[in-house]
Amino acid sequence: MPRYAMVIDLQRCVGCGACSIACRNENNVPEGIYWSNKITETVGVFPNVRYHYIPTLCNHCQNAPCVRGCPTKAMHKLANGITMHDPHKCIGCKYCMFNCPYGVIYFNWGKPHQFWRNKDELIKGCTASPVEETKAVDGRVIPYYNPDRAETSDGIRPKGVVEKCTFCDHRVKKGELPYCVEACPAKARIFGDIKDPNSAVSKLLGKHRPFRLREGIGTEPHVFYIRNFNPAQYEATKGAA
Amino acid sequence: MRIKYTVWLSVLGAGLLAGLYTMVRLFLEGHILFNANDVVIWTLPIGSYVFFALTSSGLGLLSSLGFLFGVRTYKRAGKRLVLLAIAAVLAAFVSVGLELGSLNHIYYIFLSPNFGSPIQIMGSIYSIELVCLLGKFWRLHVNDAQSGVSKLFGIGSFVCSLFAPLVLGSVFGITEARPTFFGSFLPVLCLVIAVVSGVAAFMVYTVIHSLVVKGPYREANDLLLEDLAVKHTFTLFIALLFYLLWAILRSATSLPDFATDVNFALALFLFIPFAMGLVPAIRASHWGKLVAGGLTLITIFKLHMEVLLGGQVRPVGPKAEGLPAVLSYSPSIWEYLVLVFSLAVLLSLATFAEKYLRLDAEAA
Ligand code: SF4
Ligand code: SF4
């Protein structure tokens, strides 16, 4: 059985956000919820300022606190290492959100995709209403509904349950890459079996010195970051006392 | 008297109706009605749950004094104490039930239990505690505190009342995500708070009961109240010490980002009822007990909210994008109504039981 992991090459990442948009489309993610997100860190004092852009998603931790704390096993591990969520078993206690040290789990506070449930026309007598738009393309709640998502979980998760990235388990099952990996124009995301020494992820981790988020707390995240984008040049100096 | 009673029943009825209406709205619209979000996740209803659950454990422990350990003063109050503990745990269940996003999936707690989860353990212990309390009440109602079955319920309830606050504290305390927000000290603090709130709640209840219902038990009530006032002052002193110790631990954290300010106002509001209890004249008077007990309960509720929110107001990871470093929170009307519903359930049960269940009867 493989153990899936992702490597994110920060030198290649241009911060375009294509991963997040692709994820939203693939997984029918509602507004206000981010399976794929980013941390923007600004460092330095003006005018010597730069920012770091770190794409984030569920880390599919080996030692996942969200799984350990879930009272109904709605949050569980698959044999391939993916941290999966079953919305049917979820009681909406939100303890996984409380427990996740990475802030990547979101709750459906109300009915998802509220915008697309709106019956009002944008411009009266001129444009269609969001509901009509959805109906016109035979979508389920949203016009860009992707039925593939429903192969392993709910296509759209109902109100009252949590949701988060699943490494696109429904695609991985069919031998496809997670959609954020597919969509990244800079090939900054590399996905594969970390147990296979010949996989691209294993080779990269062997070649570079990776880091993981909040490594010290022992969650064993399986999203690794390598390199860093930094075009800055500086004149060699030893500084001054 | 009759008019006052009717007004009281109407107030309770209004509370219950408002709660049922809130339940329907939550079911239809979801928890968007709360002022919670993906950063401040657990809000007033969870604070209310913690308050009622711990108070119930405190009342359960207090009832064990008479039922299990044979302390005379508490034997007479046993039935009322057990009833209040039952009412408080049900009030806690109302709060937490209305906080759950998908209450309709709750049966998975039994079908797919994760016994490693502190929430699962806490839910199990409080459910067993409820069963033991019901059993204890039944034994007291049939005037038997000595048989094997009664002892079994008595021991079960005592053990549950002791462990439930510890497990409840660990729900927060063992989260890796927020190590310095709560810490492993929290379970102990919860146990101390449970005892204080149980004593304070029963003292307030007994004062009001003896003012409203003038029965043949007044003298016995006076003895009980005297003992409760002493216990209240003493347990408050312990709670105050633990609160200060907790504050010191928090302010000594090496992660300044996670350190929350010590709320000296809360320490002061724990100190005032303690100081009141030190003055014999105040301690002996009904109003003194009422004010001191009431102040303790309000402060403890505030303390629960402070602990709860203190661990959540700083966004974690990417959730910090576009948000201030520290978020603020104030409850929505629906969250207040959950609290009102829980309180109405508790008081309705107590009112009903006072009228129909002979709470002053002492078991042999
Ligand atoms: S990143 Fe958070 S949600 Fe994902 S496995 Fe780790 S603890 Fe769970
Ligand atoms: S919200 Fe759902 S998935 Fe998360 S801990 Fe509770 S039951 Fe488990």
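Every value quoted in this text rests on a predicted model; they were computed, and no experiment measured them.

### Focus on the overall build of chain B
For step 1, the next point in the chain: A count of helices and strands for chain B gives 13 helices and 0 strands.
For step 2, the next point in the chain: Taken from the N to the C terminus, the helices and strands of chain B come in the order α-α-α-α-α-α-α-α-α-α-α-α-α.
For step 3, the next point in the chain: Relative to the globule expectation of 21 Å for 364 residues, the C-alpha radius of gyration of chain B, 21 Å, shows essentially globular dimensions.
For step 4, the next point in the chain: Its C-alpha atoms give chain B principal-axis dimensions of roughly 65 × 45 × 45 Å.
For step 5, the next point in the chain: The burial tally for chain B puts 55% of its 364 residues in the buried class.
For step 6, the next point in the chain: Taking the intrachain contacts of chain B between residues at least 6 apart in sequence as the baseline, contacts between residues at least 24 apart amount to 80%.
For step 7, the next point in the chain: Positive and negative charge centroids in chain B, built from 23 and 18 side chains respectively, lie 11 Å apart.

### Concerning the interface of chain A and chain B
The figure often quoted for interface size is the accessible area lost as the parts come together.
For step 1, the next point in the chain: On the side of chain B, 45 residues touch chain A, which itself brings 42 residues to the contact.
For step 2, the next point in the chain: Carbon and sulfur atoms make up 56% of the area that chain A and chain B hide from each other, which totals about 3400 Å².
For step 3, the next point in the chain: When the buried area of chain A at its contact with chain B is split by residue, A:Ile91, A:Phe98 and A:Trp109 rank highest and sum to 25% of it.
For step 4, the next point in the chain: Run the count over chain A and chain B and you get 2 salt bridges.
For step 5, the next point in the chain: Residue B:Glu321 pairs with A:Lys38 through a salt bridge whose shortest N-O separation is 3.3 Å.
For step 6, the next point in the chain: Remark: the boundary between chain A and chain B carries 25 residue pairs in polar contact (both at pLDDT 80 or more).
For step 7, the next point in the chain: For the side of chain A that touches chain B, the secondary structure elements donating two or more residues are β2 (37-45), α2 (65-69), α3 (95-99) and β6 (106-107) of chain A.

### Regarding the packing of aromatic side chains
For step 1, the next point in the chain: Following the criterion strictly, the structure yields 23 aromatic pairs over all chains and no others.
For step 2, the next point in the chain: Pairing A:Phe115 with A:Trp116 gives two aromatic rings, centres 4.9 Å apart and planes at 90°, and the pair type is edge-to-face.
For step 3, the next point in the chain: Following the ring pairs from residue to residue traces out a cluster consisting of A:Tyr95, A:Phe98, B:Trp42 and B:Phe172.
For step 4, the next point in the chain: Against the face of A:Phe107 rests A:Lys94, its NZ or CZ located 4.6 Å from the ring centre.

### Things to note about the packing of helix α4 (residues 78-99) of chain B against helix α8 (residues 186-212) of chain B
All names here are of chain B.
For step 1, the next point in the chain: Put simply, α4 and α8 touch, their axes get as near as 12 Å, and they point 120° apart. The orientation of α4 relative to α8 falls into the category oblique. Note on packing geometry: the crossing formed by α4 with α8 is right-handed. Seen from α4, the contacting residues are Arg80, Leu81 and Leu84; seen from α8, they are Phe202, Tyr205 and His209.
For step 2, the next point in the chain: Among the residues forming the contact of α4 with α8, the class breakdown is 4 nonpolar, 1 polar and 1 charged.

### Quick word on the pairing of strand β3 (residues 48-56) of chain A
For step 1, the next point in the chain: In this structure, β2(A) lies alongside β3(A), joined through 9 bridges in antiparallel fashion. By the bridge assignment, A:Thr40 is partnered in β3(A) with A:Tyr53.

### Structural notes on the pattern of salt bridges
For step 1, the next point in the chain: Scanning all chains against the criterion turns up 17 salt bridges over all chains.
For step 2, the next point in the chain: Salt bridges linked by common partners bring A:Glu26, A:Arg171, A:Glu176 and A:Glu182 together as one network.

### Considering the packing of α4(B) against helix α13 (residues 333-356) of chain B
Residue and element names in this part refer to chain B.
For step 1, the next point in the chain: At their nearest, the axes of α4 and α13 sit 8 Å apart, and the two run at 155° to each other. Taken together, the axes of α4 and α13 are roughly antiparallel relative to one another. In this structure, α4 crosses over α13, and the sense of that crossing is right-handed. Residues Arg80, Leu83, Leu84, Ala87, Ala88, Leu90, Ala91, Val94, Ser95 and Leu98 of α4 touch α13, and the partners they reach there are Val338, Phe341, Ser342, Val345, Leu346, Leu349, Ala350, Ala353 and Glu354.
For step 2, the next point in the chain: Among the residues forming the contact of α4 with α13, the class breakdown is 15 nonpolar, 2 polar and 2 charged.

### Here's the deal with the sheet that holds strand β1 (residues 4-9) of chain A
The strands making up a sheet associate through backbone hydrogen bonding, with each pair oriented either parallel or antiparallel.
All names here are of chain A.
For step 1, the next point in the chain: Reading across the sheet, the 3 strands line up as β8-β1-β9 and stay open at both edges, with mixed pairing between neighbours. Only two strands of the sheet have a single neighbouring strand rather than two, namely β8 (189-193) and β9 (223-226). The average angle at which neighbouring strand axes cross in this sheet is 25°, direction not considered.
For step 2, the next point in the chain: Sheet topology places β1 next to β8; 5 bridges connect them, and they run antiparallel. Paired with Tyr4 across the two strands is Asp193, which belongs to β8.

### Points about the layout of surface pockets
Residue and element names in this part refer to chain B.
For step 1, the next point in the chain: Considered as a void within the structure, the largest pocket measures approximately 1200 Å³ in volume.
For step 2, the next point in the chain: Forming the boundary of the largest pocket are 34 residues, of which Trp8, Tyr205, Ile208, Leu347 and Thr351 lie nearest the centre.
For step 3, the next point in the chain: Contributing elements (two or more residues each) for the lining of the largest pocket: α1 (2-29), α2 (44-67), α4, α8, α12 (286-310) and α13.
For step 4, the next point in the chain: Considering every element that reaches the lining of the largest pocket, the biggest residue donor is α13, with 9 residues.

### Digging into the site of ligand 2
For step 1, the next point in the chain: Surveying the vicinity of ligand 2 reveals the residues A:Cys70, A:Pro71, A:Thr72, A:Ala74, A:His85, A:Cys90, A:Ile91, A:Gly92, A:Cys93, A:Lys94, A:Cys96 and A:Val162.
For step 2, the next point in the chain: By residue class, the composition of the shell around ligand 2 is 8 nonpolar, 3 polar and 1 charged.

### Quick word on the site of ligand 1
For step 1, the next point in the chain: As a matter of local geometry, ligand 1 sits amid 14 residues, with A:Cys58, A:Asn59, A:Cys61, A:Cys66 and A:Cys100 nearest to it.
For step 2, the next point in the chain: Looking at side-chain class alone, the shell around ligand 1 contains 10 nonpolar, 3 polar and 1 charged residues.

### Digging into helix α10 (residues 264-278) of chain B
For step 1, the next point in the chain: With 15 residues, α10(B) should reach 21 Å at 1.5 Å per residue; the first-to-last C-alpha distance of 21 Å fits that figure.
For step 2, the next point in the chain: When α10(B) is considered as a whole, its buried residues turn out to be B:Leu266, B:Ala267, B:Leu270, B:Pro273, B:Phe274, B:Met276 and B:Gly277.

### Notes on the confidence of the model for chain B
For step 1, the next point in the chain: In this model, chain B carries an average pLDDT of 92, and 93% of its residues clear a pLDDT of 70 or more.
For step 2, the next point in the chain: Quick note on the complex model: pTM equals 0.94, ipTM equals 0.93.

### Quick look at unusual backbone geometry
Residue and element names in this part refer to chain A.
For step 1, the next point in the chain: A cis geometry characterises the amide bond from Phe46 onward to Pro47, with omega recorded as 10°.
For step 2, the next point in the chain: Here Pro47 is to be found in the loop between β2 and β3.
For step 3, the next point in the chain: Its identity is not glycine, yet Lys73 carries a phi of approximately 60°, on the positive side.
For step 4, the next point in the chain: Relative to the helices and strands, Lys73 resides in the loop between α2 and β4 (75-77).
For step 5, the next point in the chain: Assessed through its relative accessible area of 41%, Lys73 is described here as partly exposed.

### Some remarks on the pairing of β1(A)
All names here are of chain A.
For step 1, the next point in the chain: Burial of β1 is extensive: 6 of the 6 residues sit out of reach of the surface.
For step 2, the next point in the chain: Here β1 shows no split at all, with Tyr4, Met6 and Ile8 on one side and Ala5, Val7 and Asp9 on the other all buried.
For step 3, the next point in the chain: Relative to β9, β1 is paired through 4 bridges, and the arrangement is parallel. What sits directly across from Asp9, in β9, is Ile226.

About the criteria used
- Residues numbered from 1 in each chain as written.
- Chains lettered and ligands numbered in written order.
- Predicted model: local features only at pLDDT ≥ 70, side-chain atom pairs only at ≥ 80, totals over all residues.
- Heavy atoms only, no water.
- Helix = DSSP H or I, 4+ residues; strand = E, 2+ residues; numbered from the N terminus.
- Rg over C-alpha atoms; globule rule 2.2 N^0.38 Å.
- Buried < 20%, exposed > 50% of the residue type's maximum accessible area, 1.4 Å probe, protein only.
- Contact = heavy atoms within 4.5 Å.
- Lys, Arg positive; Asp, Glu negative; His and termini not counted.
- Charge placed at Lys NZ, Arg CZ, Asp CG, Glu CD.
- Buried area = accessible area lost by both parts, 1.4 Å probe.
- Salt bridge = Lys/Arg side-chain N within 4 Å of Asp/Glu carboxyl O.
- Polar contact = N/O pair within 3.5 Å; in protein donor to acceptor, adjacent residues only side chain to side chain.
- Phe/Tyr/Trp six-rings, centres within 6.5 Å; stacked < 30°, edge-to-face > 60°.
- Lys NZ or Arg CZ within 6 Å of the ring centre and 35° of its normal.
- Axes fitted to C-alpha atoms, helices over the stretch in contact; angles between N-to-C directions.
- Parallel < 35°, antiparallel > 145°, perpendicular 65-115°, else oblique.
- Left-handed = near helix turned anticlockwise from the far one by under 90°.
- Nonpolar A, V, L, I, M, F, W, Y, C, P; charged D, E, K, R; others polar.
- Pairing = 2+ DSSP bridges.
- 1 Å grid on protein atoms, 1.4 Å probe; cavity = no way out; pocket = protein on both sides within 12 Å on 5 of 7 lines; lining within 4 Å.
- Points joined across faces, edges and corners; volume = space filled by probe spheres on them.
- Near = heavy atom within 4 Å.
- Expected span 1.5 Å × (residues − 1).
- pLDDT = per-residue confidence, 0-100.

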